[in-house]
Amino acid sequence: MSEIAEQIVALPGWQWLPGMCAVSPSGRTVYLQPVGGASGVCGAPADGWLPELADPATGGAMLDLLERSLTISLQSVRGRGWLVAAWGEAGRPCCVGAASSIGEAAARVAMSLGRWA
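This text gives an overview of the structure that appears in the document. All values reported here derive from a predicted model rather than from experimental measurement.

1. Remarks on the environment of Gly13
Stage number 1. Looking at where Gly13 falls in the secondary structure, it is placed in the loop between α1 (2-9) and β1 (21-23).
Stage number 2. On the accessibility criterion, Gly13 (35% relative accessible area) is partly exposed.
Stage number 3. Considering only alpha carbons, one finds Gly13 and Ala117, 104 residues apart in sequence, at a separation of 5.2 Å.
Stage number 4. Among residues more than four places away in sequence, those in contact with Gly13 are Leu65, Trp116 and Ala117.

2. Overview of the pairing of strand β6 (residues 93-99)
Stage number 1. As paired strands, strand β5 (residues 81-87) and β6 are joined by 6 bridges and run antiparallel to one another. Counted as the bridge partner of Ala86 is Cys95 from β6.
Stage number 2. Between β5 and β6, which pair antiparallel in sequence order, lie 5 residues; one of them, Gly91, sits at a positive phi of approximately 80°.

3. So, the packing of aromatic side chains
The description of an aromatic ring pair rests on the distance of the ring centres and on the angle between the ring planes.
Stage number 1. Under the counting rule described, the total for this entry stands at 2 aromatic pairs.
Stage number 2. With 5.3 Å between their ring centres and 80° between their planes, Trp14 and Trp16 make a pair best called edge-to-face.
Stage number 3. The buried category is assigned to Trp16, whose relative accessible area is 12%.
Stage number 4. Among the aromatic residues, those joined into a cluster by ring pairs are Trp14, Trp16 and Trp116.

4. Here's the deal with the pairing of strand β4 (residues 71-77)
Stage number 1. As defined by bridge partners, β4 adjoins β5 across 7 bridges and the pair is classed as antiparallel. Directly across from Leu74, in β5, lies its bridge partner Val84.
Stage number 2. Remark: 3 residues form the turn of the hairpin made by β4 and β5, two consecutive strands paired antiparallel; Gly79 in that turn has positive phi of roughly 75°.

5. Remarks on the sheet that holds β4
Stage number 1. Strand order in this open sheet of 3 strands is β4-β5-β6, and the pairing throughout is antiparallel. Whereas interior strands pair on both sides, the edge strands pair on one side only; in this sheet they are β4 and β6. Ignoring which end each strand starts from, the neighbouring axes of this sheet average 15° apart.
Stage number 2. The sheet contacts of helix α2 (residues 56-67) involve β4 and β5, and relative to β4 the element is tilted by about 150°.
Stage number 3. Each of β4, β5 and β6 is contacted by helix α3 (residues 102-113), which is oriented at about 145° to β6, the strand it contacts most.

6. A short note on the environment of Leu32
Stage number 1. Position of Leu32 among the secondary structure elements: in the loop between β2 (29-31) and β3 (50-51).
Stage number 2. Sequence separation between Leu32 and Gly19 is 13 residues; the distance between their C-alpha atoms is 5.2 Å.
Stage number 3. In this structure Leu32 touches Trp16, Leu17, Pro18, Gly19, Met20, Ala22, Cys42, Gly43 and Pro45, once residues within four positions along its chain are discounted.

7. Details of the packing of α1 against α3
Stage number 1. Contact geometry for α1 and α3: axes closest at 10 Å, N-to-C directions at 50°. On the basis of their axis angle, the class for α1 and α3 is oblique. Where α1 crosses over α3, the two elements pack in a sense that is left-handed. When α1 is examined against α3, the residues Ile4, Gln7 and Ile8 are found in contact with a partner set consisting of Glu104, Ala107, Arg108 and Met111.
Stage number 2. Residues that form the contact of α1 with α3 fall into these classes: 4 nonpolar, 1 polar and 2 charged.

Criteria and thresholds
Residues numbered from 1 in each chain as written. Predicted model: local features only at pLDDT ≥ 70, side-chain atom pairs only at ≥ 80, totals over all residues. Heavy atoms only, no water. Helix = DSSP H or I, 4+ residues; strand = E, 2+ residues; numbered from the N terminus. Buried < 20%, exposed > 50% of the residue type's maximum accessible area, 1.4 Å probe, protein only. Contact = heavy atoms within 4.5 Å. Pairing = 2+ DSSP bridges. Phe/Tyr/Trp six-rings, centres within 6.5 Å; stacked < 30°, edge-to-face > 60°. Axes fitted to C-alpha atoms, helices over the stretch in contact; angles between N-to-C directions. Parallel < 35°, antiparallel > 145°, perpendicular 65-115°, else oblique. Left-handed = near helix turned anticlockwise from the far one by under 90°. Nonpolar A, V, L, I, M, F, W, Y, C, P; charged D, E, K, R; others polar.

Any functional reading would require information beyond the geometric quantities listed.
Next comes the structure, spelled out in C-alpha cells:
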C-alpha cells in the first residue's frame, strides 16, 4: 500500500488533516493534531511520511478531501471492503474505487481523477 500512499500525496489538492494517521519512513505512526485549536488545520509531517490507508480516521479525512469538490458515496460491501464513488454532473459515477479499507478506496478514486479536491 505504500506505493499507493506515495502516489496520492503527490496529487494536486492533497493535504494532511487532523486525525489522520501518518507513518514515518522507519514505520513510526502518529495521529495528527489540530494546530493552535484551529479546526481543520494541522502541521504536516516531515517529508517521506505517508498516510496509513488502513486507518479508519485517515479514510474519513480522505473522503472529506474528495467531498470538497465532488459528491461522494460510500458503501460497505459485505465481507469484501468498501466502495467509494465520485458522482459527475450528469448524476452518474465518474470514478469508483473498491478496496479493503475506506482510505485505499478513496485513494483509488483520487488516482483515477488525478487530483483531490
